[in-house]
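Chain and residue survey
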Amino acid sequence: MDRIAARILKPIAFAALTFGASYYLFHSAFISLILSLVPLLLGWLGVFETFSYTIAAVLFIAAIVWCVVPVDMKNLVELQTQAAVKEFTAAMPTPTKPD
(Lines give C-alpha, C1' and ligand atoms only; values in the text may rest on other atoms or scores of the structure.)
Protein backbone atom coordinates (compact mmCIF):
# COMPACT_ATOMS: atom_id res chain seq x y z
CA MET A 1 0.00 0.00 0.00
CA ASP A 2 2.86 2.38 0.77
CA ARG A 3 4.40 1.85 -2.66
CA ILE A 4 1.12 2.69 -4.37
CA ALA A 5 0.66 5.84 -2.31
CA ALA A 6 4.24 6.90 -3.02
CA ARG A 7 3.80 6.32 -6.77
CA ILE A 8 0.71 8.52 -6.75
CA LEU A 9 1.73 11.24 -4.29
CA LYS A 10 5.36 11.79 -5.36
CA PRO A 11 4.48 13.04 -8.87
CA ILE A 12 1.72 15.22 -7.42
CA ALA A 13 4.19 16.80 -4.99
CA PHE A 14 6.74 17.44 -7.74
CA ALA A 15 4.03 18.87 -10.01
CA ALA A 16 2.95 21.27 -7.25
CA LEU A 17 6.58 22.27 -6.69
CA THR A 18 7.05 22.85 -10.42
CA PHE A 19 3.83 24.86 -10.67
CA GLY A 20 4.77 27.12 -7.77
CA ALA A 21 8.33 27.73 -8.95
CA SER A 22 7.39 28.36 -12.57
CA TYR A 23 4.50 30.64 -11.58
CA TYR A 24 6.92 32.71 -9.49
CA LEU A 25 9.35 32.92 -12.40
CA PHE A 26 6.98 33.46 -15.34
CA HIS A 27 3.80 34.91 -13.74
CA SER A 28 1.67 32.82 -16.11
CA ALA A 29 -0.72 30.15 -14.92
CA PHE A 30 -0.89 28.56 -18.39
CA ILE A 31 2.88 28.12 -18.70
CA SER A 32 3.07 26.88 -15.13
CA LEU A 33 0.31 24.35 -15.74
CA ILE A 34 2.02 23.01 -18.86
CA LEU A 35 5.38 22.75 -17.10
CA SER A 36 3.85 21.07 -14.06
CA LEU A 37 2.28 18.39 -16.26
CA VAL A 38 5.75 17.11 -17.21
CA PRO A 39 6.68 15.63 -13.80
CA LEU A 40 3.08 14.68 -13.11
CA LEU A 41 2.48 12.64 -16.24
CA LEU A 42 5.98 11.19 -16.56
CA GLY A 43 6.00 10.28 -12.87
CA TRP A 44 2.66 8.52 -13.12
CA LEU A 45 3.74 6.67 -16.24
CA GLY A 46 7.04 5.70 -14.66
CA VAL A 47 9.17 6.82 -17.63
CA PHE A 48 11.89 9.47 -17.59
CA GLU A 49 11.25 10.07 -13.89
CA THR A 50 14.78 11.33 -13.32
CA PHE A 51 14.43 13.79 -16.20
CA SER A 52 11.08 15.09 -15.00
CA TYR A 53 12.19 15.46 -11.40
CA THR A 54 15.34 17.23 -12.61
CA ILE A 55 13.16 19.77 -14.42
CA ALA A 56 11.24 20.37 -11.20
CA ALA A 57 14.45 20.75 -9.21
CA VAL A 58 16.05 23.15 -11.70
CA LEU A 59 12.94 25.35 -11.75
CA PHE A 60 12.83 25.35 -7.95
CA ILE A 61 16.50 26.33 -7.65
CA ALA A 62 16.06 29.02 -10.33
CA ALA A 63 13.10 30.46 -8.41
CA ILE A 64 15.14 30.55 -5.21
CA VAL A 65 18.07 32.23 -6.95
CA TRP A 66 15.76 34.76 -8.63
CA CYS A 67 14.17 35.48 -5.24
CA VAL A 68 17.48 36.58 -3.71
CA VAL A 69 18.70 38.63 -6.70
CA PRO A 70 18.74 42.36 -5.90
CA VAL A 71 15.97 44.53 -7.32
CA ASP A 72 18.43 46.60 -9.40
CA MET A 73 19.58 43.46 -11.19
CA LYS A 74 15.97 42.41 -11.84
CA ASN A 75 15.24 45.83 -13.35
CA LEU A 76 18.34 45.57 -15.56
CA VAL A 77 17.28 42.13 -16.79
CA GLU A 78 13.78 43.45 -17.52
CA LEU A 79 15.16 46.37 -19.55
CA GLN A 80 17.48 44.09 -21.52
CA THR A 81 14.66 41.65 -22.20
CA GLN A 82 12.37 44.40 -23.45
CA ALA A 83 15.13 45.74 -25.72
CA ALA A 84 15.80 42.27 -27.12
CA VAL A 85 12.10 41.67 -27.79
CA LYS A 86 11.77 45.07 -29.48
CA GLU A 87 14.80 44.33 -31.67
CA PHE A 88 13.48 40.88 -32.52
CA THR A 89 10.03 42.12 -33.49
CA ALA A 90 11.51 44.95 -35.57
CA ALA A 91 13.53 42.41 -37.58
CA MET A 92 10.48 40.26 -38.34
CA PRO A 93 9.02 40.73 -41.81
CA THR A 94 5.47 42.01 -42.02
CA PRO A 95 3.06 39.39 -43.32
CA THR A 96 1.43 40.14 -46.65
CA LYS A 97 -1.81 38.73 -47.95
CA PRO A 98 -1.57 36.71 -51.14
CA ASP A 99 -3.42 38.17 -54.12
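Relevant structure appears above.
The present account deals with the structure reproduced in this document. (Residues numbered from 1 in each chain as written. Predicted model: local features only at pLDDT ≥ 70, side-chain atom pairs only at ≥ 80, totals over all residues. Heavy atoms only, no water.)

Turning next to the side chain of Ser36. Among the secondary structure elements, Ser36 is positioned in helix 2 (residues 29-45). Of the residues examined, Ser36 reaches a relative accessible area of 6% and is grouped as buried. In this structure, Ser36 is in contact with Ala15, Thr18 and Phe19, ignoring residues within four places of it in sequence. (Helix = DSSP H or I, 4+ residues; strand = E, 2+ residues; numbered from the N terminus. Buried < 20%, exposed > 50% of the residue type's maximum accessible area, 1.4 Å probe, protein only. Contact = heavy atoms within 4.5 Å.)

To continue, consider the layout of surface pockets. Approximately 180 Å³ is the volume found for the largest pocket. If you trace the largest pocket, you find it lined by Tyr24, Leu25, His27, Trp66, Lys74 and Val77. Going through the elements one at a time, helix 1 (2-26) and helix 4 (71-91) are the ones with two or more residues in the lining of the largest pocket. Its residues placed into classes, the lining of the largest pocket shows four nonpolar, one polar and one charged. (1 Å grid on protein atoms, 1.4 Å probe; cavity = no way out; pocket = protein on both sides within 12 Å on 5 of 7 lines; lining within 4 Å. Points joined across faces, edges and corners; volume = space filled by probe spheres on them. Nonpolar A, V, L, I, M, F, W, Y, C, P; charged D, E, K, R; others polar.)

This part takes up unusual backbone geometry. Phi is positive for His27, which is not a glycine, with a value near 55 degrees. Counting through the fold element by element, His27 comes out in the loop between helix 1 and helix 2. In this structure, Phe48 takes a positive phi of about 50 degrees despite not being glycine. Locating Phe48 in the fold gives a position in the loop between helix 2 and helix 3 (49-68).

This next bit is on the packing of helix 1 against helix 3. At a minimum axis separation of 8 Å, helix 1 and helix 3 run at an interaxial angle of 35 degrees. Helix-helix and strand crossings are classified by hand; for helix 1 and helix 3 the assignment is left-handed. The segment helix 1 lies against helix 3, with Lys10, Pro11, Phe14, Leu17, Thr18, Ala21, Ser22, Tyr24, Leu25 and Phe26 engaging Tyr53, Ala56, Leu59, Phe60, Ala62, Ala63, Trp66 and Cys67. A class-by-class count of the residues in the contact of helix 1 with helix 3 yields 15 nonpolar, two polar and one charged. (Axes fitted to C-alpha atoms, helices over the stretch in contact; angles between N-to-C directions. Left-handed = near helix turned anticlockwise from the far one by under 90°.)

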